Amino acid sequence: MRFARLLPFAALLLAACSAQPRHLASAPAAPAPTWAFEKADLPVDPAFRFGVLPNGMRYIIRQNATPKGTALVRMDIQAGSLDERDDERGYAHFIEHMAFNGSTNVKEGEMVALLERNGLAFGADTNASTGFEQTQYKLDLPRNDPALLDIALMLMRETASELTFDPAAVQRERGVVMSELRDSLSFARRNLEDQIAFLYPGALYPQRLPIGVPETLNAATAERLRAVWAREYTPRDTTLVVVGDFDPALVERKIVERFAGWQAAPVNPRPDEGTVDPKRKGLTDIFIDPAVSERVAVSRHGPWLDEPDSIANRRTALLREIGYGIINRRLQRLSRQASPPFRAAGFGTSEVFKIGRTTNLIVDTVDGGWKPGIEAAAKEYSRALATGFTQAEIDEQVANIRTSAQNLAAASATRSNAALTAGALALVDDEQVPTTPESSLARFEAFAPSITPAAVMAALRTEAIVLKDPLIRFQGRTPPAGGAAAIRAAWDKSARMKANVQAGGESAAFAYTDFGAPGTVVYDAREPLLGIRTIRFANNVMLNLKRTEIERDRVRVNLAVDGGEMLDTRANPHATEMTGFLTAGGLGKHSQDDLQSILAGRTVGGGLSASGDTFSTAAVTTPRDLQLELQLLAAYLTDPGYRPEGEEQFKLNIANFFAQSKATPGSALATAQGAILSAGDPRFSLGNPADYQGLSFAQLRNDIGDRLNRGAIEIGIVGDIDEEQAIALVAKTFGALPEREAKFGAWPQSRERTFTTQRGLTVVRHSGDPSQSIVRVVWPTRDDSDALETAKLELLEKVTAIELLDGIRERLGKSYSPGASASNSRVYKGYGTFTLTASVNAADVPETRSAIDAIVADLRRAPVADDVLQRARAPMIDALDNALKSNAGWMSLVDRAQTESDRIERYQQARGRLLSLTAADVQATAQRYLLAGKEVTIVVLPNGATTPQAAR
């Protein structure tokens, strides 16, 4: 289902562009093709293995070793909420939950435990999802062990044909499903429901949100759920996907052995999905909610375009995407002005399943700014359709598309399991043929000369519906002055304005290529444990390198500069608040918008953020663009533009943030917790809106300028690199800068962070749904300086999470996702927390608090069972074993290999340390840190609700 598609960039990268031999058309009597590529003229990636069992079940297998020794298993059932009848709303999702609650050969509660014992963490490695058209079951295997594959396939078969639907289990799981429904009741959902009801009154899907409705969920019985499952879970509606480091022949044999005996069954037709009416026009909808940001959406419907995946249709899609991209680029320029007419705007066309399509012009404005926003966006839209596009605009879009296609082709041999699995599922769900990146690039290059302004506009017009007499929807916190009539009058007037031709400007050359004489290396060594090369230049800049072959043609660059949030003080707690908007302020010689055009076709990025004790950035580039990446990062450090448009972007976000800060229990908790736990320390507390509106780039420059100019620098580079070349490139950029401080600062005062002395209950209020509440319990612990203590707390976290899930979710059915978190700071001396959280019905707060108390008391009272210890530890061990199978994992050790070298030895010893811990260690850790009476309990309640006490 591609309803949400707003011209996804990934589709461009697969764009087919040169002719391929077509298959002969099937005779009318021939059976329908099993796979979309059988009727397409696109060459399917030959490394995939496709098959179909006699019962009709399909499978896709792909051998792949990125990451090495791992695999992904997915089971895609072509049944979702659109397959439900009126009295079955939410049943597809309920059935997904029941897959974890008992089957013929796996008793209730054992499925998750079995997977945890074998290294799969619940949620991270074991999951499922239900959509409108599909239900997917997902297992991420941490090892390429044939026995583990057997378990995965066994569990998929159990889900497909062996679920038991025990009535008691259904009743218990109903509470979990209702908890998930309750958690979804927010301003965002109310807004969505109003939007789709207005736009699509004749379609089925507005009445088929997958979560369901209370009436039908409460009426669900074991028999009714079983009936829907038996009706919809059929072999012909099922595809199994296995991608990873297994022999395909072995996988295929195991699939046949496991699923061949599944009895074939007829496929039930989907209920009528309704209609999208192209004649629906001229109507206006106004939705008001105090938490909703202001937006105007202008829409028209059209019929669904039946465009099967083919070379010709990919060419057309490519041309359309370029057209949408140009219009959105123009709108983006307007949003980046010093006094922008809107916060953001976008233009595109999306499919509505296979019953229609909608073209939208969406304009996000500040409160009360809808009229100038409509006028500016309408004028730009009209200008594009009236005067077309310039060659310069085409060239910018084509450069970005070409680079992305080149990057995919260069990295083809090390595509990730996740990327290949996504390609396989796109074939299953959207009939998109998985072709190789190399063939996609070749077709693009063959077609590129045909990409002209006229061709782009012609293709765009075949899909985009003219916004004449459109549907207009307003959402916001306050009604628009003049109401619906004023909104429509503003649109009509703006849409009739004569469009002027606007010439596209030429892009300037990047101005930051010379930073002075290259720096001299004064220290060059190789760290002995992991082979990380460590360099120091004469100006004190530190560089750490690790060449890997994990991802071809990919290079990660991390930059750390001394300072960060250490500059925030009690007197000046928001000193670094605007750091993340520096990129919006551009550079001294280029605005952010200019940079986007200058850097078109280049794989570069990054911008500073303040976190902990550093200003940092992380970027992914290619070997051919590594020099430009380093130049860009050095430019942001040495000549940030501090332009007013960046400051304006920061302030435009403040009003929305505060308007939504108490709209849900989660947002209310997030904004209040810092002050509660720090006893009001302003560094960790949310200030007043005026505090943030009063911030400026001038103040930011004054607060952080010295650190950017003189602070110690450490750079990490990991990936497909030539070490000597990388050293030379850093020498020409960061190594050429004036002398930096040799060490990162101690910041003794800034590292002081205390945990409140106030214990007991604190109530936080929210303005969301009156049924929603959160219970959070927090204990102070310690910092990260002792590796063994940190490991004990991390293991206690995993054990506690299992106990919470088993107790509060499975036995009580009170919370969808209770959780535990241990956080030991590397920045703040002596500071750490251990946190338990459960989102529950406000009426269940006392019982939930009592359950949490009992679980923690049990952890203190006695060692946990050996099975629980194994379930907690096995996923942690597998995560450690797989940590250095990605460049991101390597970077976690490389980026600070000189100034935080202890992390390397800690990693080397982590596995043995974790294996040495016992259930008695877990108990002792709970006894030491999770002391009764030492916790802070935060309960988030709806406005006006009485404060319940725990039933202790």
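Please read all numbers here as calculations on a predicted model, not as lab measurements.

Student: How would you explain the nonpolar core if you had to name every residue and give the values?
Tutor: Judged by nonpolar contacts, the single largest core of 56 residues is most densely connected at V73, L141, L225, L240, I255 and F259. Excluding residues within four positions of it along the chain, L240 makes contact with M57, R58, Y59, I60, V73, R74, M75, L153, M156, I255 and F259. Ranked by size, the runner-up nonpolar core spans 53 residues in total, among them Y692, F697, I704 and I715.

Student: Before we move on, can you summarise the sheet that holds strand β11 (residues 471–476) with the specific residues and values?
Tutor: The mixed open sheet is built from five strands, whose spatial order is β7-β11-β8-β10-β9. Edge positions in the open sheet fall to β7 (284–288) and β9 (344–352), since each of these has one partner strand only. Sheet twist, expressed as the average angle between the axes of neighbouring strands with direction ignored, equals 15°. Here helix α6 (residues 187–199) sits on the sheet and contacts β7, β8 (295–302) and β11; the angle it forms with β11, its principal contact strand, is near 165°.

Student: So what's going on with the side chain of T671? Which residues, and what values?
Tutor: Along the chain, T671 falls in helix α20 (residues 665–677). In terms of polar contacts, T671 uses its side chain to reach the backbone carbonyl oxygen of A668, at 3.0 Å. Once you skip the residues sitting within four places of it in the chain, T671 turns out to touch F657, S661 and L686.

Student: Requested: an account of the pattern of salt bridges, with residues and values cited.
Tutor: Where charged atoms from two side chains of opposite charge approach closely, those side chains can pair. Enumeration according to the criterion identifies 68 salt bridges in this entry. Here R526 ties to E723 by a salt bridge, and the two come within 2.9 Å at their closest N and O atoms. A residue pair is termed long-range when its members are at least 10 positions apart, and R526 in strand β12 (residues 521–526) and E723 in helix α23 (residues 723–732) qualify at 197 residues. When salt bridges that share partners are traced, they join E714, D784, R826, D895, R896, E900, D902, R903 and R906 into one network.

Student: Got a sec to walk through helix α26 (residues 866–881)? Specific residues and values, please.
Tutor: Between its terminal C-alpha atoms α26 stretches 22 Å, which fits the 22 Å expected from 16 residues at 1.5 Å a residue. Bending of α26 peaks at approximately 25° at the position of R873, with proline P875 no more than four residues after it. Along α26, the positions that sit buried rather than exposed are V868, L869, R871, A872, R873, A874, P875, M876, I877 and D878.

Student: I'd like a rundown of the packing of helix α2 (residues 91–98) against helix α8 (residues 222–232), residues and numbers included.
Tutor: Two elements in contact, α2 and α8, have axes whose closest approach is 10 Å; the angle formed by their N-to-C orientations is 95°. By the criterion of interaxial angle, the relationship of α2 to α8 is roughly perpendicular. In this structure, α2 uses Y91, F94, I95 and M98 to contact α8, whose residues at the interface are R224, L225, V228 and W229.

Student: Describe helix α25 (residues 845–861), listing the residues and the values that go with them.
Tutor: Taking 1.5 Å per residue, 17 residues should reach 24 Å; α25 reaches 24 Å between its end C-alpha atoms and fits that length. Within α25, 12 of the 17 residues are buried, which leaves it mostly tucked inside the rest of the structure. What α25 keeps buried is the set V845, P846, T848, R849, S850, A851, I852, I855, V856, A857, L859 and R860.

Student: For the pairing of strand β3 (residues 71–77), give the residues involved together with the corresponding values.
Tutor: Summarising burial for β3: seven of the seven residues are buried, a large majority. Burial along β3 is two-sided: A71, V73, M75 and I77 facing one way and L72, R74 and D76 facing the other are all buried. In this structure, β3 lies alongside strand β5 (residues 135–141), joined through seven bridges in antiparallel fashion. When the sheet's bridge partners are listed, D76 is paired in β5 with Q136. Examined bridge by bridge, β3 and strand β6 (residues 238–244) share seven bridges and lie antiparallel to one another. Counted as the bridge partner of A71 is G244 from β6.

Student: Could you give an account of the UniProt feature "domain: Peptidase M16 N-terminal" (unreviewed entry) in the protein chain, with specific residues and numbers?
Tutor: Per the UniProt entry, the sites bearing "domain: Peptidase M16 N-terminal" (unreviewed entry) are residues 60–184 in this numbering. Along residues 60–184, the helical share is 40% and the strand share 18%, with 34 Å between the first and last C-alpha atoms.

Student: Please give an account of the sheet that holds strand β1 (residues 48–52) that cites residues and values.
Tutor: Here we have six strands laid out as an open sheet, ordered β1-β2-β6-β3-β5-β4, and mixed in their pairing. The open sheet has two edge strands, β1 and β4 (126–130), and neither has a second partner. Averaged over all pairs of adjacent strands, the angle between their axes in this sheet comes to 15°, without regard to strand direction. Helix-sheet contacts for α2 involve β4 and β5, and the interaxial angle to β4 is about 165°. Where helix α4 (residues 146–161) meets the sheet, its contacts fall on β3, β5 and β6, and the angle it forms with β5 comes to roughly 165°.

Student: Quick rundown of the packing of α25 against helix α29 (residues 919–929)? Include the residues and the values.
Tutor: In the contact formed by α25 and α29, the axes pass within 7 Å of each other and the chain directions differ by 120°. Put simply, α25 runs oblique to α29. Crossing of α25 over α29 shows left-handed handedness. The segment α25 lies against α29, with L859, R860 and R861 engaging Q923, A926 and Q927.

Student: Describe the packing of aromatic side chains, and please don't skip the residues or the numbers.
Tutor: Counted under the stated rule, the structure contains 21 aromatic pairs. Look at F347 and Y381: their rings are 5.4 Å apart centre to centre, the planes differ by 55°, and that puts the pair in the tilted class. Note that F347 is positioned in strand β9 and Y381 in helix α11 (residues 370–387), a separation of 34 residues in sequence. Both residues of the pair, F347 and Y381, belong to the buried class. Considering the side-chain rings of F684 and Y828, the 5.5 Å spacing of their centres and the 85° angle between planes classify their relative orientation as edge-to-face. Linking F684 in the loop between α20 and α21 (689–693) with Y828 in the loop between β21 (819–824) and β22 (832–841), this pair joins segments that are 144 residues apart in sequence. Residue placement shows R58 over the ring face of W35; its charged tip is 4.4 Å from the ring centre.

Definitions and limits used
Residues numbered from 1 in each chain as written. Predicted model: local features only at pLDDT ≥ 70, side-chain atom pairs only at ≥ 80, totals over all residues. Heavy atoms only, no water. Core = buried A, V, L, I, M, F, W, Y, C linked by side-chain atoms within 4.5 Å. Buried < 20%, exposed > 50% of the residue type's maximum accessible area, 1.4 Å probe, protein only. Contact = heavy atoms within 4.5 Å. Pairing = 2+ DSSP bridges. Helix = DSSP H or I, 4+ residues; strand = E, 2+ residues; numbered from the N terminus. Axes fitted to C-alpha atoms, helices over the stretch in contact; angles between N-to-C directions. Polar contact = N/O pair within 3.5 Å; in protein donor to acceptor, adjacent residues only side chain to side chain. Salt bridge = Lys/Arg side-chain N within 4 Å of Asp/Glu carboxyl O. Expected span 1.5 Å × (residues − 1). Bend = angle between axes of the 7 residues up to and from the residue. Parallel < 35°, antiparallel > 145°, perpendicular 65-115°, else oblique. UniProt positions renumbered as here; feature names shortened; annotations may be inferred. Left-handed = near helix turned anticlockwise from the far one by under 90°. Phe/Tyr/Trp six-rings, centres within 6.5 Å; stacked < 30°, edge-to-face > 60°. Lys NZ or Arg CZ within 6 Å of the ring centre and 35° of its normal.

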